[in-house]
Number of protein chains: 2
Amino acid sequence: MEFELTKEFRNRFQEALDTRDTAFILKTLTDIKPADITALLYEFSAEESKYVLDLLPIDIQAGIINDLDSDTRKKFLRIYEVKEIVYFLNHLASDDVADILHELPVKNREQVLSNLDLELKVQVTELLRYEDNVAGGLMAKELIKARVHWSVVQCIEEIRKQAETVSKFYAVYVVDDHDKLIGRVALQDLIISDARTIVGDICDKDIISIQTYQESIEVAEVMKKYDLESVPVVNVQEQLVGRITIDDIVDVITEQAEEERQLMAGISESVEVDDSVWRNTRARLPGLLIGIVGGLMNAKFMGLFEEELARITAIAFFTPLIQATGGNVGIQSSSLVVQSLANPGYVEEGLWARLIKVFFVAILNGLFLSGLVMGANIVLFGEYRLSLVVSVALFSVVVFASFIGTITPIVLNRFGFNPALAAGPFITTINDLLGLTIYFFIVHILLI
Amino acid sequence: MEFELTKEFRNRFQEALDTRDTAFILKTLTDIKPADITALLYEFSAEESKYVLDLLPIDIQAGIINDLDSDTRKKFLRIYEVKEIVYFLNHLASDDVADILHELPVKNREQVLSNLDLELKVQVTELLRYEDNVAGGLMAKELIKARVHWSVVQCIEEIRKQAETVSKFYAVYVVDDHDKLIGRVALQDLIISDARTIVGDICDKDIISIQTYQESIEVAEVMKKYDLESVPVVNVQEQLVGRITIDDIVDVITEQAEEERQLMAGISESVEVDDSVWRNTRARLPGLLIGIVGGLMNAKFMGLFEEELARITAIAFFTPLIQATGGNVGIQSSSLVVQSLANPGYVEEGLWARLIKVFFVAILNGLFLSGLVMGANIVLFGEYRLSLVVSVALFSVVVFASFIGTITPIVLNRFGFNPALAAGPFITTINDLLGLTIYFFIVHILLI
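Residues numbered from 1 in each chain as written. Chains lettered and ligands numbered in written order. Predicted model: local features only at pLDDT ≥ 70, side-chain atom pairs only at ≥ 80, totals over all residues. Heavy atoms only, no water.

**With respect to the overall build of chain A**
For the record, the criterion: In this text, helices come from DSSP runs of H or I with a minimum length of four residues, and strands from runs of E with a minimum of two, each type numbered from the N-terminal end. Restricting the calculation to C-alpha atoms gives the radius of gyration, and the globule rule supplies 2.2 Å times the number of residues raised to the power 0.38. Two residues qualify as a contact provided that any one of their heavy atoms is within 4.5 Å of a heavy atom in the partner residue. We treat Lys and Arg as the positive residues and Asp and Glu as the negative residues; His and chain ends play no part in the count. Throughout, a charge is located at the NZ atom of Lys, the CZ atom of Arg, the CG atom of Asp or the CD atom of Glu.
When you go through chain A residue by residue, the secondary structure sums to 23 helices and six strands. Relative to its length of 448 residues, chain A is extended, with a C-alpha radius of gyration of 30 Å against a globular reference of 22 Å. Seen through its C-alpha atoms, chain A measures out along the principal axes to roughly 90 × 60 × 45 Å. Within chain A, contacts between residues at least 6 apart in sequence are counted, and of these 64% link residues at least 24 apart. Distance from the positive charge centre (39 side chains) to the negative charge centre (64 side chains) of chain A: 2 Å.

**Some words on the relation of the copies chain A and chain B**
The criterion, for reference: The copies were overlaid with a least-squares fit restricted to C-alpha atoms from residues scoring a pLDDT of at least 70 in each copy.
Between the two copies, chain A and chain B, the superposition gives an RMSD of 0.1 Å; the rotation angle is 180° and the shift along the axis is 0.0 Å. Classification of the inter-copy transformation places it as that of a two-fold axis. If distances are taken from each C-alpha of chain A to the rotation axis, the shortest is found for A310 of chain A, at 2.4 Å. The fraction of interface residues of chain A whose copies in chain B are also interface residues reaches 100%, indicating that both copies meet through the same surface.

**Let's talk about empty space enclosed by the protein**
Our working definition: Buriedness for pockets is judged along seven lines, at least five of which must meet protein on both sides within 12 Å for an open set on the 1 Å grid over protein atoms alone, while cavities are sets there where a 1.4 Å probe fits but cannot get out, and lining residues have an atom within 4 Å of a point. Grid points are joined across faces, edges and corners, and a volume is the space filled by probe spheres set on the points. Under the scheme applied here, ten amino acids are nonpolar (Ala, Val, Leu, Ile, Met, Phe, Trp, Tyr, Cys and Pro), four are charged (Asp, Glu, Lys and Arg), and all others, including Gly, are polar.
Counted under the stated rule, the structure contains nine cavities of 30 Å³ or more. Computed from the structure, the largest cavity encloses a volume of approximately 550 Å³. Around the largest cavity, the lining comprises 33 residues; the ones closest to its centre are G327, N328 and T428 of chain A together with G327 and T428 of chain B. Among the secondary structure elements, those contributing two or more residues to the lining of the largest cavity are α16 (246-265), α20 (319-342) and α23 (425-446) of chain A together with α16 (246-265), α17 (277-303), α20 (319-342) and α23 (425-446) of chain B. Taken together, the residues of the lining of the largest cavity break down into 14 nonpolar, 17 polar and two charged. A volume near 250 Å³ is recorded for the second largest cavity. The greatest single-element share of the lining of the second largest cavity, amounting to six residues, is contributed by α16 of chain B. Each residue belonging to the lining of the second largest cavity can be placed in one class, and the counts come to seven nonpolar, three polar and seven charged.

**Brief notes about the packing of aromatic side chains**
In plain terms, the rule: Ring pairs are drawn from Phe, Tyr and Trp, using the six-membered ring of Trp, whenever the two centres fall within 6.5 Å, and their geometry is named by plane angle: stacked under 30 degrees, edge-to-face over 60, tilted for the rest. For a lysine, the NZ atom is tested; for an arginine, the CZ atom; a charge sits over a ring if that atom is within 6 Å of the ring centre and within 35 degrees of the ring normal.
The full count for this structure, using the stated rule, is 21 aromatic pairs over all chains. Directly above the aromatic system of F24 of chain A lies the positively charged group of R12 of chain A, at a separation of 4.0 Å from the ring centroid. Sitting over the ring of Y51 of chain B, R20 of chain B keeps its end group 4.1 Å from the ring centre.

**What about the layout of surface pockets?**
Empty space among the atoms becomes visible once a probe the size of a water molecule is rolled across them. Residue and element names in this part refer to chain B. Computed from the structure, the second largest pocket encloses a volume of approximately 290 Å³. Taken together, 15 residues make up the lining of the second largest pocket; nearest its centre are E119, Q123, K141, L143 and K145. Elements represented by at least two residues in the lining of the second largest pocket include exactly α10 (118-127), α12 (152-162) and β6 (240-245). Ranked by the residues each element gives to the lining of the second largest pocket, the list is headed by β6, at three residues.

**Describing the sheet that holds strand β2 (residues 171-175) of chain A**
Residues and elements named next belong to chain A. Under the convention used in this document: Here, any two strands with at least 2 DSSP bridges between them count as paired. What counts as an axis is a line fitted to C-alpha atoms, over the stretch in contact for a helix, and the angles between N-to-C directions run from 0 to 180 degrees.
Strand order in this open sheet of three strands is β1-β2-β3, and the pairing throughout is mixed. One side of each edge strand has no neighbouring strand; the edge strands of this open sheet are β1 (145-147) and β3 (181-186). Between one strand and the next, the sheet's axes are offset by a mean angle of 30°, whatever the strand orientation. Both β2 and β3 contribute to a ladder of five bridges, which runs antiparallel. Opposite V175, over in β3, you have L181 as the bridge partner.

**Thoughts on the domain arrangement of chain A**
Residues and elements named next belong to chain A. Put simply, the rule reads: The domain limits used here are those given by an automatic or database domain assignment. Buried area adds together the accessible area that both of two parts lose upon being put together, with accessible area traced by a 1.4 Å probe. One speaks of a salt bridge when a side-chain nitrogen belonging to Lys or Arg is within 4 Å of a carboxyl oxygen belonging to Asp or Glu. Think of a polar contact as two N or O atoms within 3.5 Å of one another; within protein, one of them needs to be a possible hydrogen donor and the other a possible acceptor, and neighboring residues in sequence only count if both atoms come from side chains.
Along its sequence, chain A is organised into domain 1 (7-133), domain 2 (145-247) and domain 3 (277-446). On the domain 2 side, the residues contacting the four residues of domain 1 number four residues. Surface buried jointly by domain 1 and domain 2 totals about 300 Å² across both partners, of which 38% is contributed by carbon and sulfur atoms. For the domain 1 face of the interface with domain 2, the top three residues by lost area are E126, Y130 and N133, together amounting to 90%. Viewed at the interface, domain 2 and domain 1 are joined by zero salt bridges. Inspection of the region where domain 1 meets domain 2 yields one residue pair in polar contact (both at pLDDT 80 or more). Class assignment for the residues of the side of domain 1 that touches domain 2 results in one nonpolar, one polar and two charged.

**Side note on the interface of chain A and chain B**
With 121 residues of chain A at the contact, the number on the chain B side is 121 residues. The junction of chain A with chain B conceals about 11500 Å² of combined surface from both sides, 65% of it contributed by carbon and sulfur atoms. Our count for the contact surface shared by chain A and chain B stands at eight salt bridges. Taken together, the links from chain A to chain B amount to 24 residue pairs in polar contact (both at pLDDT 80 or more).

**Details of the sheet that holds strand β5 (residues 230-234) of chain A**
Residues and elements named next belong to chain A. Sheet architecture is open: three strands sit in the order β4-β5-β6, paired in mixed fashion. Since the sheet does not close on itself, it has two edges, and those belong to β4 (210-211) and β6 (240-245), each with one partner. Taken together, the two bridges between β4 and β5 define a ladder with parallel strand orientation. In the strand pairing of β5, I210 is matched with V233.

**Some thoughts on the UniProt feature "domain: CBS" (unreviewed entry) in chain A**
Residues and elements named next belong to chain A. We count it as follows: UniProt positions are given in the numbering used here, feature names are shortened, and annotations may be inferred rather than shown by experiment.
UniProt annotation of "domain: CBS" (unreviewed entry) refers to residues 139-202 and 203-259 when read in the numbering used here. Secondary structure content for residues 139-202 is 31% helix and 22% strand, while the C-alpha to C-alpha distance between its ends is 26 Å. What you have in residues 203-259 is 42% helix and 23% strand, and the ends, taken at the C-alpha atoms, are 40 Å apart.

**Some thoughts on helix α3 (residues 34-41) of chain A**
In plain terms, the rule: The rule is simple: take the accessible area with a 1.4 Å probe, protein chains only, and divide by the maximum for that residue type; under 20% is buried, over 50% is exposed, in between is partly exposed.
Summarising burial for α3 of chain A: seven of the eight residues are buried, a large majority. Turning to α3 of chain A, its buried residues number three or more, namely A35, D36, I37, T38, A39, L40 and L41 of chain A.

**Description of a nonpolar patch on the surface**
Residue and element names in this part refer to chain A. To be explicit about the condition: Candidate patch residues must exceed 30% relative accessible area and have no salt bridge, after which like charges are joined if within 9 Å and Val, Leu, Ile, Met, Phe, Trp or Tyr side chains if within 5 Å. Using a 1.4 Å probe, the Shrake-Rupley method yields the accessible areas, and only the shown protein chains count as cover for residues.
A surface patch of nonpolar side chains, amounting to about 440 Å² of accessible area, comprises L388, V392, F441, I445 and L446. Only α22 (384-414) and α23 provide two or more residues apiece to the nonpolar patch. When you line up the elements, I445 lands in helix α23.

**Here we look at α17 of chain B**
For clarity, the cut-off: Take the residue count of a helix, subtract one, and multiply by 1.5 Å to get its expected span. We define the bend at each residue as the angle formed by axes fitted to the 7 residues ending at it and the 7 residues starting at it.
With 27 residues, α17 of chain B extends 37 Å from end C-alpha to end C-alpha; this agrees with the ideal 39 Å at 1.5 Å per step. Of all the bends in α17 of chain B, the largest measures some 35° and sits at L285 of chain B, one to four residues before the proline P286 of chain B.

**Some details on the confidence of the model for chain A**
We apply this condition: The predictor attaches a confidence to each residue, called pLDDT, with possible values from 0 through 100.
The predicted model of chain A has a mean per-residue pLDDT of 87, with 96% of residues at 70 or higher. Interface scoring of the predicted complex returns ipTM 0.82; its pTM is 0.83.

**Quick notes on the nonpolar core**
Within soluble globular proteins, side chains that are nonpolar tend to cluster in buried spots. Worth spelling out the cut-off: By convention a nonpolar core is built from buried Ala, Val, Leu, Ile, Met, Phe, Trp, Tyr and Cys residues, the set being connected through side-chain atoms within 4.5 Å.
By size, the foremost hydrophobic cluster in this structure holds 129 residues, and its most contacted members are F88, L89 and I244 of chain A together with F88, L89 and I244 of chain B. Apart from the residues within four sequence positions on either side, F88 of chain A is in contact with I58, A62, I65, L77, Y80 and I100 of chain A. Core analysis: the next-biggest nonpolar cluster, separate from the first, contains 70 residues, A316 and I322 of chain A together with A316 and V390 of chain B among them.

**Looking at the pairing of strand β5 (residues 230-234) of chain B**
All names here are of chain B. Within β5, five of the five residues are buried, which leaves it mostly tucked inside the rest of the structure. Every second residue of β5 is oriented toward a common face, with S230, P232 and V234 on one face and V231 and V233 on the other, all of them buried. Sheet topology places β5 next to β6; five bridges connect them, and they run antiparallel. Each residue of the ladder has a partner; that of V233, found in β6, is G242.

See the structure below:
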């Protein structure tokens with residue numbers, strides 16, 4: 001069953017570490033899966049963790065280090081010597097080795113790379129050429145490929161040879177003599193075929209493949225759409241150069257969701273609640289500063305109307321209402337656009353058609369809300385003229401904020417930025433200023 | 001290569017539909033994968049889509065209908081007769097049939113269920129007992145299982161028998177004579193084993209399994225953590241009752257991200273930008289109304305200080321600054337907590353330890369921001385006393401908003417609500433009121 005990491009267990013383990021009780025440590029760890037050992041080691045210091053790892057078989061060590069998140073691993077590997085890093089990297093798949101090398105200081109990276117086992121070194125050198133956000137940077141070189149003229153028996157022989165190197169596979173890729181991708185044979189079809197059947201006759205030639213330069217997000221979309229658990233990667237000559245498995249894509253999807261969440265909250269670096277106080281503070285300040293600057297601009301702006309505000313103080317009562325509504329409308333609009341950008345695949349409606357629909361939705365919402373507020377204000381305050389002014393301003397703010405909330409993520413996306421930036425404090429600050437400007441403009445025209 | 005849905009293609013296809021050019025339609029569709037035909041049909045009406053589907057082989061029809069998103073499919077199947085629904089459901093896997101049945105009106109559901117092929121009916125009846133957010137409601141009954149005493153040859157024979165029914169599988173589950181789950185044999189290990197090897201000797205007995213009652217989110221966590229592409233589901237007697245594959249989990253993860261995004265934006269139902277104007281409006285109003293009610297409460301509250309505001313109008317200039325900062329701090333705090341709740345697995349720090357850290361981060365942020373604002377105000381406005389008041393209020397708001405932003409998702413989660421509710425307009429409205437109250441309280445004490 002699944003391992004449960006409890007406080008008691010952690011404390012018992014800490015004791016064992018303090019007393020260097022290797023017997024207990026080894027006995028405990030033999031029963032736990034590597035993924036759980038990784039979770040356990042997050043609780044201890046780098047030195048303690050290395051001590052534990054050095055007691056384990058090297059392939060398990062490698063798997064655990066591979067499982068660590070990028071930031072933790074970067075710090076962790078600082079206490080490793082180059083030859084120790086080479087030692088465990090030789091037990092990992094090429095895509096994982098490439099990822100870890102990216103995290104090392106450049107000086108160490110060269111040294112480590114040159115000392116890897118030959119075949120791995122060649123594979124990883126090729127992978128390092130790619131950016132880490134494209135298929136080439138995500139793929140692994142390890143896969144099972146068969147020549148199109150092979151028999152099933154020859155194919156199985158190849159599987160037997162590669163059994164050590166390729167950890168999880170679901171199909172064999174079929175290539176011609178120039179390594180051009182022809183098709184794919186699922187293991188289940190291989191297993192029920194007669195031994196002398198030619199692989200080229202039973203393979204599925206109508207397969208989805210990915211180009212090395214396609215972005216990871218696109219790869220995730222394709223694998224989601226066609227329900228694939230792995231996808232072959234080809235170069236421009238259509239030659240098979242690697243494969244991407246679903247577990248790497250699940251990580252891409254999870255990281256994408258986290259990045260979006262952080263952008264919407266205005267947190268500028270990847271941070272966890274459990275990080276240090278300083279790290280937490282530093283990550284939050286930029287987003288907050290944007291709001292502060294906006295707030296000071298708001299104050300300066302309202303200062304221009306000091307005289308009017310002194311005369312009709314009630315004007316000030318409704319600034320929170322106007323600004324909050326503008327903010328909410330803006331966030332709603334931008335979130336929906338961010339969502340539709342994250343789930344492409346259908347013919348995109350023309351931009352104008354979409355904006356016209358946004359316009360109508362904004363008009364409907366605006367009319368309803370401003371009518372409601374008009375009624376509420378008359379009941380609550382008995383002020384007819386001011387109520388009308390507030391309602392007209394609210395209506396205008398709803399319509400403007402809808403537009404800005406819709407356009408901004410589209411524009412950001414067009415220029416290569418993450419559209420989720422448009423759902424964060426940057427946009428709410430702009431909306432606050434916009435709402436205030438519109439409100440006082442209408443106050444100035446209709447009231448004063 | 002991947003199919004591209006262009007405007008030209010869609011228009012050409014529309015023409016073919018209008019002229020009932022079946023030859024063209026069939027020729028075009030033969031070259032496109034089912035997942036792409038699904039994307040294409042989103043562009044056309046229900047009647048047109050049904051016309052197209054009826055031209056295709058029944059198993060492809062079934063696959064396409066299965067691929068539709070839940071809401072679209074509900075509307076689409078209204079134009080289907082019961083016997084037509086039975087016809088294509090008989091070509092789908094049990095978990096998909098259960099999902100589609102859930103979407104039918106209860107009257108039709110009973111009728112359809114009773115007319116399914118016998119084996120499918122029995123399987124689906126069992127699955128329908130489960131809620132759709134637990135493993136039992138996510139799993140499929142179709143899997144390959146082998147008795148522990150079988151030989152590899154008998155196992156391959158079973159695979160051959162089940163080849164039609166089980167579409168994608170990567171391993172064979174090994175059970176005893178009472179169907180208790182013993183272990184798992186990966187296809188790659190089966191394929192290189194000698195024909196007379198006993199399955200029980202080569203199977204991996206140390207496998208992860210899921211209980212039927214575990215929540216989907218938990219299943220997703222387990223599959224992510226251990227990099228699984230499928231997981232067996234057992235009942236309380238440890239008997240194998242089904243399996244969950246990674247493609248269903250990828251859907252769970254994607255839907256979870258979408259739901260969170262919508263809650264943070266205050267959109268109350270699942271809606272797309274391309275939905276009708278009315279649907280878009282209806283989904284946005286509740287979130288906006290919360291903000292409106294909050295805004296009116298803000299106005300009433302400020303009304304209590306009408307006299308003071310008339311005297312020292314500059315007090316009003318800083319309400320946007322105070323409220324915006326409170327809102328941003330609150331969203332940052334709640335987003336981080338939502339993230340840590342979404343990625344469980346490590347020993348959770350004690351609640352008190354976490355709150356103390358939040359307290360220190362808030363103090364640091366508050367000191368920095370209020371000091372900055374103090375300086376800016378003195379430069380911009382030359383007002384010492386009011387600047388001090390604003391800074392003290394800002395500091396308090398930062399600390400309070402941090403706490404509320406941290407506590408609320410934890411409390412919501414404890415009571416079974418989605419913690420992302422705490423990052424939406426509900427929380428920003430509470431923060432606005434809180435910020436205003438603290439500000440005027442401090443104004444009242446220090447200034448007036």
